[in-house]
Amino acid sequence: MMSLCPSYAIRLIGLLSVVVCASVAPAQTLLNASSKGNMFGPSNSAGPLGPSARTVQAPLGGRSEILGGSVRTLPNLSLQQDWAPPVNDQENHLFTLFDVLEYRPNTSGGEHTSDYRWDIEGWYGGDYNRLWFKSEGQRDTAFKADYDVDFQLLYGRFLRKYYDLQIGPRLETQTFRGRNVTRGFAAIGIEGIVPYDYTMEATLFIDQNGAVSGRLTLTKDLLLTQRLILQGRFETNVAIQRVEEFTTGSGLNNLEFGMRLRYEIRREFAPYVGFSLDRSFGETATLVRQEGGNPSQIRFVAGVRMWF
Amino acid sequence: MQSKKKAQDKTGLISRRVLLKRAGTLGLLAAIQPLFPACASHRLPPMIPGTQPSTLSGEVIDLVISETPFTLGGRTATAMTINGTIPGPLIRLKEDQELTLRVTNRLAEVTSIHWHGILLPPVMDGVPGVSFGGIQPGATFTYRFPIKQSGTYWYHSHSGGQEMRGMYAPMILDPLEPEPFHYDRDYIVMLSDWTFESPESVFANLKKLPGYYNFQQRTAGEFFSNIANWGVWATLRNYLMWDQMRMDPTDFADVTGYTFTYLMNGLSPGANWTGLFRPGEKIRLRFINAASMTFYDLRIPGLTMTVVQADGQNIQPVAVEELRMGVAETYDVIVEPTGDRPYTIFAETLDRSGYARGTLAPRPGMSAEIPERRPRPLRTMEDMGMKMDHIDMGTDMPGMGSSDEKPSSKLSANTPSMEQMQHEPHKDRMPGMGDQSRSKIPGAEAVKHGPEDHGTGNQTVAEYSQNRFGKPGRGLENSPWRVLLYTDLKSLVPYPDQREPEREIELHVTGNMGDRYMWSFDGKKYSDAPEPIRFRYGERLRVTFVNDTMMEHPLHLHGMWMHLENGTGPYLPRKHTVIVKPAERVSVAISADAPGRWAFHCHLLFHMEAGMFRVIKVSD
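Fair warning: this is a prediction, and the values are worked out from it, not measured in the lab. (Residues numbered from 1 in each chain as written. Chains lettered and ligands numbered in written order. Predicted model: local features only at pLDDT ≥ 70, side-chain atom pairs only at ≥ 80, totals over all residues.)

Time to look at the overall build of chain A. Across its full length, chain A carries three helices and 12 strands. Residues counted as buried form 36% of the 308 residues belonging to chain A. A separation of at least 24 residues holds for 53% of the contacts in chain A among residues at least 6 apart in sequence. (Helix = DSSP H or I, 4+ residues; strand = E, 2+ residues; numbered from the N terminus. Buried ≥ 20, exposed ≤ 12 C-beta atoms within 10 Å, placed from the backbone. Contact = placed C-beta atoms within 7 Å.)

Let's shift gears to the overall build of chain B. Scanning chain B from terminus to terminus reveals eight helices and 33 strands. Per-residue burial for chain B yields a buried fraction of 56% across its 620 residues. The contacts in chain B between residues at least 6 apart in sequence include a share of 76% that link residues at least 24 apart.

What follows is about the interface of chain B and chain A. Taken together, the contact pairs 58 residues of chain B with 44 residues of chain A. Among the secondary structure elements, those contributing two or more residues to the side of chain B that touches chain A are β7 (140-146), α3 (199-208), α5 (232-245), β32 (596-602), α8 (605-609) and β33 (613-619) of chain B. The leading source of residues in the side of chain B that touches chain A is α3 of chain B, at six residues. Of the residues in the side of chain B that touches chain A, the class split is 25 nonpolar, 19 polar and 14 charged. (Nonpolar A, V, L, I, M, F, W, Y, C, P; charged D, E, K, R; others polar.)

Residue and element names in this part refer to chain B. Pairing within the open sheet is mixed, and its six strands lie in the order β11-β10-β13-β18-β15-β16. Each end of this open sheet is capped by a strand with a single partner; those strands are β11 (261-264) and β16 (313-320). Taking each pair of neighbouring strands and ignoring which way they run, the sheet shows an average axis angle of 25°. Where strand β13 (residues 283-289) and strand β18 (residues 330-335) come together, six bridges link them in antiparallel fashion. Across the sheet, the residue bridging to Arg-286 is Asp-332, located in β18. (Pairing = 2+ DSSP bridges. Axes fitted to C-alpha atoms, helices over the stretch in contact; angles between N-to-C directions.)

Residue and element names in this part refer to chain B. Omega for the peptide link from Ile-86 to Pro-87 comes to -10°, which places this bond in the cis form. Position of Pro-87 among the secondary structure elements: in the loop between β3 (75-82) and β4 (90-94). The phi angle at Asp-96 is positive, at roughly 80°, despite the residue not being glycine. In this fold, Asp-96 is placed in the loop between β4 and β5 (98-105).

All names here are of chain B. The mixed open sheet is built from five strands, whose spatial order is β1-β4-β9-β8-β6. Sheet topology places β1 (55-56) and β6 (114-116) at the edges, where each strand pairs with a single neighbour. Pairing of β6 with strand β8 (residues 151-156) involves three bridges; the strand directions are antiparallel. Bridge assignment links His-116 to a residue of β8, and that residue is Trp-154.

A few words on the nonpolar core. In terms of nonpolar packing, the biggest core is built from 154 residues, with Leu-191, Val-307 and Ala-347 of chain B touching the most fellow members. Sort the elements by how many residues they give to this core and strand β10 (residues 185-194) of chain B lands first, with six residues. Those residues in contact with Ala-347 of chain B that sit more than four places away from it in its chain are Leu-191, Tyr-262, Met-264, Tyr-296, Leu-298, Tyr-355, Ala-356 and Arg-357 of chain B. Counting residues in each nonpolar core, the second largest holds 14 residues, with Leu-131, Leu-154, Tyr-155 and Leu-204 of chain A among its members. (Core = buried A, V, L, I, M, F, W, Y, C linked by C-beta atoms within 7 Å.)

To continue, consider the environment of Leu-131 of chain A. Residue and element names in this part refer to chain A. Along the chain, Leu-131 turns up in strand β3 (residues 129-139). Overall, the presence of 24 C-beta atoms within 10 Å leaves Leu-131 in the buried class. Once the C-alpha coordinates of Leu-131 and Arg-177 are considered, the two residues, 46 residues apart in sequence, prove to be 35 Å apart.

This paragraph deals with α5 of chain B. Residues and elements named next belong to chain B. Under the 1.5 Å per step criterion, the end-to-end length of α5 is 20 Å for 14 residues, consistent within 8% with the ideal 20 Å. If you check which residues of α5 are buried, you get Ala-234, Thr-235, Asn-238 and Trp-242. One side of α5 carries all its buried residues, which in axial view fall inside an arc of 100°. Across α5 from its buried face, at more than 90 degrees, point the exposed residues Val-232, Trp-233 and Gln-244. Residue Arg-246 follows α5 closely and has a positive phi angle near 60°. (Expected span 1.5 Å × (residues − 1). Arc of directions from axis to C-beta.)

Below, the discussion takes up the pairing of strand β26 (residues 540-547) of chain B. Residue and element names in this part refer to chain B. The sheet contact formed by strand β23 (residues 503-512) and β26 spans seven bridges and is parallel. The residue of β26 that forms the bridge with Ile-505 is Val-543. In this structure, β26 lies alongside strand β31 (residues 585-591), joined through seven bridges in antiparallel fashion. If you follow Thr-544 over to β31, its bridge partner there is Ser-587.

All names here are of chain B. Within the sequence span of helix α4 (residues 220-230), burial applies to Asn-226, Asn-229 and Trp-230. For α4, the buried positions fall inside an angular range of 75° around the axis, keeping them on one side. Summarising the geometry of α4, the exposed residues directed more than 90 degrees from the buried face are Gly-221, Phe-224 and Ala-228. Where α4 terminates, the next one or two residues include Gly-231, which has phi positive at roughly 95°.

To describe two helices that pack against each other, one gives the angle between their axes and the distance between the axes. Residues and elements named next belong to chain B. The interhelical angle for the contact between α4 and α5, taken along N-to-C directions, is 130°, at an axis separation of 7 Å. As far as their axial angle goes, α5 and α4 are oblique. As for how α4 packs across α5, the hand of that crossing is right-handed. Contacts from Phe-223, Asn-226, Ile-227 and Trp-230 of α4 reach α5 at Val-232, Ala-234, Thr-235 and Tyr-239. Residue composition of the contact of α4 with α5, by class: six nonpolar, two polar and no charged. (Parallel < 35°, antiparallel > 145°, perpendicular 65-115°, else oblique. Left-handed = near helix turned anticlockwise from the far one by under 90°.)

Now for the environment of Pro-146 of chain B. Residues and elements named next belong to chain B. By the secondary structure assignment, Pro-146 is in strand β7. Judged by C-beta crowding, with 14 C-beta atoms within 10 Å, Pro-146 ranks as partly exposed. Along the sequence, Pro-146 and Leu-378 sit 232 residues apart, while their C-alpha atoms lie 46 Å from each other. Leaving out residues up to four positions away in the same chain, Pro-146 has contacts with Glu-98 and Leu-99.

The next thing to look at is the confidence of the model for chain B. Residues and elements named next belong to chain B. Put simply, chain B has an average pLDDT of 86, and 84% of its residues get 70 or more. Counted against residues more than four places away or in other chains, residues 1-47, with its pLDDT under 50, gives 55 contacts. Throughout residues 389-434 the model reports pLDDT below 50, and contacts reaching past four residues in sequence, or to other chains, amount to 78 contacts. Scoring of the predicted complex yields 0.84 for pTM and 0.83 for ipTM. (pLDDT = per-residue confidence, 0-100.)

Written as structure tokens, this is what we have:
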């Protein structure tokens, strides 16, 4: 687990700005690799018959004398440069998951309107190197008073059997007192499966002014039947500095705990219903109240979880 | 031009499959018999024409690879076929003959044919990227090799997912010497699996969600029924242990009956492939597992199968009621149906998500009862490679047992392991007791895994690995009947090379199923370890496979035999494909008598494509 220790994190800023730029390069490598074709497709494209073609006509006996005397070459002992590999185990894939894509009806009858929330992530790449993209967005939760959208583009490296180390830029935009505000971050995080089979996403953010924050998400699926699945979801945000412009106090910002019951019509498509308990704390709660928001909410949700 | 070709293919296909099915339904078999003069029955004229693939013989054989419509259960897909059918034509040859095969590629992509289990020059082996460059679209590749062996084999594409799309077919090599067993007729029973999804999309699904096709995972319902059977604490401990390890104890097949239709000789269970017999005859069944991803447990209720060949090699006959077939294995059995009644050939998949089925019947149109499906098994401590003080003890620790919930094997909370053990029918079948021809099985004692964890490409290691040839494998451990064991396989005659292996190579079978579908040897997929494994020409060596994963893998070596070190002394059987169970340690002796570059891989198609593949280089 990476350390969330602030002083350590601040020292990382310099490093991050370098790595963030560097992360574009692996992404490009991935894209180039894709042009090799997919595993079953015509990736074994007809290469020009090089000088190596002669070995195809090797005699039946199995052994042949080439170059005379001491050097004996066996029929196909040397790898032919123009041959495609026997298996295509470096194939890239594209995965996009809408883990949360939901509508939150207004049930309390107050001045609140019905809201929405999404949490999307995905990757393009192979087993070890991936380009990740993530977006979270919400409107009127206990944490952010109005609306809040963020987007991340991360380079991920598969490590320690279960985890992706992710690093890259993040952009956040909010409406604050009627006007749009936007800030950029460097993000470094770990995503993977922790013991007891929880999916974990832990990310540390440092914004353009040096303000440090972090987010932890844990989810777990409980199978009621093969297709009826209850997903537990826990998310929390913390920050070191108060960034009032972004409705963020210092310390624990919020906790979100949800249960979503989905039915997998197909693996890729599962409508769900559920509820979400959202609560903000401390300075953040005060800021939300000042915004006219509600720092403690229970919301019913209905949406669809899907991927492709 | 092209459409004309397609039309011809289609006609050809309909004549084989659809006509057969319709004819069978309508009882018109006698009427169409003259259309199919060349069928595969060995000694008697065929009684159901067309129920065996068309046969090609002689010194020069032409094969055409093309896209062909294939209809199954009312749906039509575009298959990739050899000479227009699934399975492709039977190639029936004589030992010691010369053979020229001209393979023409009418696909839009590179193809290949690999002659599975055949000893031949390395350039004729048909593995693109290892033995040759593949057969380019429009090209004809000429294979030439002498036939130096006999038995039941098969051939298939070695390019990408083409095998899954229908490119497989049987091959019979008739021996020069008379067979050491008698039979009145023989049938090929070729098992395979078919999906209407493309191999690319199946593979992509597995890469994104390794459990995509598993609809037999543990649910809340099973949890409560486990509590009722095992008790609260044993159940909780078991569930928490698997969750703690981030493993799924129900993972027995990556691709399941959710998408597969399981085929017998190209026919679905409903279409009921039928082989006819006269009561009292001895029938030789040549079982070939040509599936891309499916292990089969095969039985014929009411008949005892006498296994006479394994992977085309004569063995000392052994009578069993059931046998497990790893992908690419072949078994020849002899059955003697005496009753004037039909018998079901039942090939249940290892994960129990489906079955292939056919019938042996005295008359067309008959069918016998289809046996009750068994519950899917559950992985145990043994599969994890956990230390067991006593070999048989602990196999079924409380809550680790099979999902078999019959009252007789019900676990009580107090003495579960003892109770379970009493119902272990294979416990007293430890082979080798008092048998003089027995030798020591390498790995018979549990071996502790070294400190190497094989890196990020590998999820778990078997802390202790041990040979389990004497056990039938997960899902068959509580069978009330006799199941074929690898210790039962004894060569009919000793093979000439009886040298003790002079050196040993240990190869770990590895993978990561955490949330990515990765398969490898020693933690490295092929592209990360393209350097060949070296065998010295002429040496006798031992290769030991240690399975660190929690799945069974059928490992296939090209070009040379693997002599299974199963404790049978001079009678070690030789195989081209060997099943290695989870946490098992398996040793094979190899006489490195075939110079060249050879493929070695897991024969589960997607394990191979994910990188569980190596090149073996035999040289001085």
